[in-house]
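# Coordinate inspection notes
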Amino acid sequence: MTALGDILKARITATGPITLADYMAACLQHPQFGYYASRDPFGAAGDFTTAPEISQMFGEVLGLCLAQCWLDQGSPAPFALAELGPGRGTLMADILRATKTVPGFHNGAQVVLVETSPTLRAAQSQRLAEFAPVWANTVEDLPDLPLFLIANEFFDALPIDQFQRSAAGWHQRLVGLVDGTLQFGRSPALPESAIDPRFAEDPPGSVVEANPALATIAATIGQRIAARGGVALVIDYGGWRSKGDTLQAVRRHQPDPPLAHPGEADLTAHVDFEALVLATGLPHSGLTDQGALLNRLGIAHRAERLAANLAGDRLETHRAALHRLTDPREMGSLFKAIAFHAPGTPAPPGFDPPHA
Ligand code: SAH
């Protein structure tokens, strides 16, 4: 068992079973032994690979999308160019490179990185030094400016709770100890009011998830954009009112039992995009497949330009990256995107129109 596993066992022994969100929060965010606090998880040597790490094209076309939104809103300056959970800083670096020639964009931009991990802050600082970024611990600390924000694979990394309905009512999933081992269990039946009303009609046997941090963060972003203008582009895996148990642990590119290696495996859950929409309260696009979005933003054209300077293995890798990002059998439809924009402003380009 890991060091964090021992800490969690002592805690459960002292005060009883903990909620899944408490377990995930400790595993992901513990200041010393948390997954993100202590490592750079990306790439072949790490646990998983994200779209910006697959190809620069991802950030380039999304950067141009953000710049178009900024132009469409009258080029407000100064403004916050913000990213939630920027990882190694690759996406923001690609956004900034692609938008270098957009008049006034770099001059007006205050680059703000919402990041809790000291290890990843250090990587971002190296990568983005020339743009003098500032860091924030939470969206509450974003500067009071028009907000042009992007978040890729951020919301899936927030702690969730799970609830299961039995004939007796809804039970919360808990993490406890059985014979000295971490095990899932469940709470006694909860009052109906403990569950999101969207799930009121779900039959016995149903499992649903709640993501309180997602709702708080999305509400803050929504208020900021409504008051000051701007957009938020969110890309992640999940669905519209995603249902069922979507908790997953990944360690060294392999699925791992979620309680097996606390703090040493990435724990994620599908993003409930409907919950984002409800919490922001902003005009929004339809839920759009990543592949469709990237294609509409011109990724194929950009890919051809880059291919012209490549040959051999590097050309092969480049072509494979385009396929991986856009093909429906790869990330193209597993990953979804949604755009939010200030009331009375044009919808961001490339996204599906809102669903009826
Ligand atoms: N967007 C990056 C990284 C995704 S991994 C990419 O696409 O490559 C998730 C990122 O969110 C990491 O940078 C992690 O440290 C950060 N993170 C996770 N939970 C967070 C929280 N509650 N507040 C701020 N950052 C968080």
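Note that the structure is a prediction, hence the values are computed from the model and not measured.

Here we come to the site of the ligand. Around the ligand sit 18 residues in total, of which Gln29, Thr50, Gly85, Glu115 and Asn152 are the nearest. For the ligand, an oxygen atom lies 3.1 Å from a polar atom in the backbone of Gly87. Glu115 is positioned such that a nitrogen or oxygen atom in its side chain is 2.5 Å from an oxygen atom of the ligand. Here the ligand loses 94% of its free accessible area of 570 Å² to cover by the protein chains.

What follows concerns the packing of aromatic side chains. What the rule picks out here adds up to eight aromatic pairs. With a centroid separation of 5.1 Å and 80 degrees between ring planes, the pair formed by Trp70 and Phe105 is classed as edge-to-face. Within this pair, whereas Trp70 is found in helix α4 (residues 56–72), its partner Phe105 is found in helix α6 (residues 105–108), the two being separated by 35 residues in sequence. Of the two residues, Trp70 and Phe105, neither departs from the other in class, the shared state being buried.

What follows deals with the environment of Arg88. With respect to the element layout, Arg88 can be found in the loop between β2 (79–84) and α5 (90–98). Arg88 sits 65 residues away from Glu153 along the chain, and the two C-alpha atoms are 13 Å apart. Not counting chain neighbours up to four residues away, the residues in contact with Arg88 comprise Asp40, Phe42, Glu53, Ala123, Gln124 and Arg127. A polar atom in the side chain of Arg88 sits 2.8 Å from the side chain of Asp40.

Sheet architecture is open: three strands sit in the order β12-β11-β13, paired in antiparallel fashion. Taken across any chain shown, the strands that pair with only one partner, and hence form the sheet edges, are β12 (254–256) and β13 (266–268). Within the sheet, the average angular offset between the axes of one strand and its neighbour, ignoring direction, is 40 degrees. Two strands pair when backbone bridges link them, and strand β11 (residues 248–251) and β12 are joined in this way by three bridges, in the antiparallel orientation. If you follow Arg251 over to β12, its bridge partner there is Gln254.

This next bit is on the domain arrangement of the protein. It is common to give the size of an interface as the accessible area that goes away when the parts come together. Looking at the protein, the domain boundaries give domain 1 (3–34 + 161–210) and domain 2 (51–159 + 211–341). Domain 1 and domain 2 are separated by 29 Å when their C-alpha centres are compared. Across the boundary between the two partners, domain 1 contributes 27 residues, which contact 25 residues of domain 2. Summed over both sides, the interface between domain 1 and domain 2 buries roughly 2,100 Å², with carbon and sulfur atoms accounting for 60% of that surface. In terms of surface lost to domain 2, no three residues of domain 1 exceed Met24, Arg198 and Glu209, which account for 31% of the buried area on that side. Among the salt bridges present, the one from Asp272 reaches Arg198, with a minimum N-O distance of 2.8 Å.

Turning next to the nonpolar core. Formed by 42 residues in total, the largest nonpolar core has its most connected members in Phe58, Leu66, Leu81, Met92, Ile150, Leu233 and Leu325. In terms of residue count, the dominant contributor to this core is α4 (nine residues). With sequence-adjacent residues up to four places away left out, Leu233 is seen in contact with Leu62, Cys65, Leu66, Leu149, Ile150, Ala151, Ile338, Ala339, Pro348 and Phe351. One finds Val112, Leu142, Leu276 and Phe340 within the second-largest nonpolar core, a separate group that totals 32 residues.

About the cut-offs
- Residues numbered from 1 in each chain as written.
- Predicted model: local features only at pLDDT ≥ 70, side-chain atom pairs only at ≥ 80, totals over all residues.
- Heavy atoms only, no water.
- Near = heavy atom within 4 Å.
- Polar contact = N/O pair within 3.5 Å; in protein donor to acceptor, adjacent residues only side chain to side chain.
- Areas by Shrake-Rupley, 256 points an atom, 1.4 Å probe, with all protein chains shown as cover.
- Phe/Tyr/Trp six-rings, centres within 6.5 Å; stacked < 30°, edge-to-face > 60°.
- Helix = DSSP H or I, 4+ residues; strand = E, 2+ residues; numbered from the N terminus.
- Buried < 20%, exposed > 50% of the residue type's maximum accessible area, 1.4 Å probe, protein only.
- Contact = heavy atoms within 4.5 Å.
- Pairing = 2+ DSSP bridges.
- Axes fitted to C-alpha atoms, helices over the stretch in contact; angles between N-to-C directions.
- Domains from an automatic or database assignment.
- Buried area = accessible area lost by both parts, 1.4 Å probe.
- Salt bridge = Lys/Arg side-chain N within 4 Å of Asp/Glu carboxyl O.
- Core = buried A, V, L, I, M, F, W, Y, C linked by side-chain atoms within 4.5 Å.

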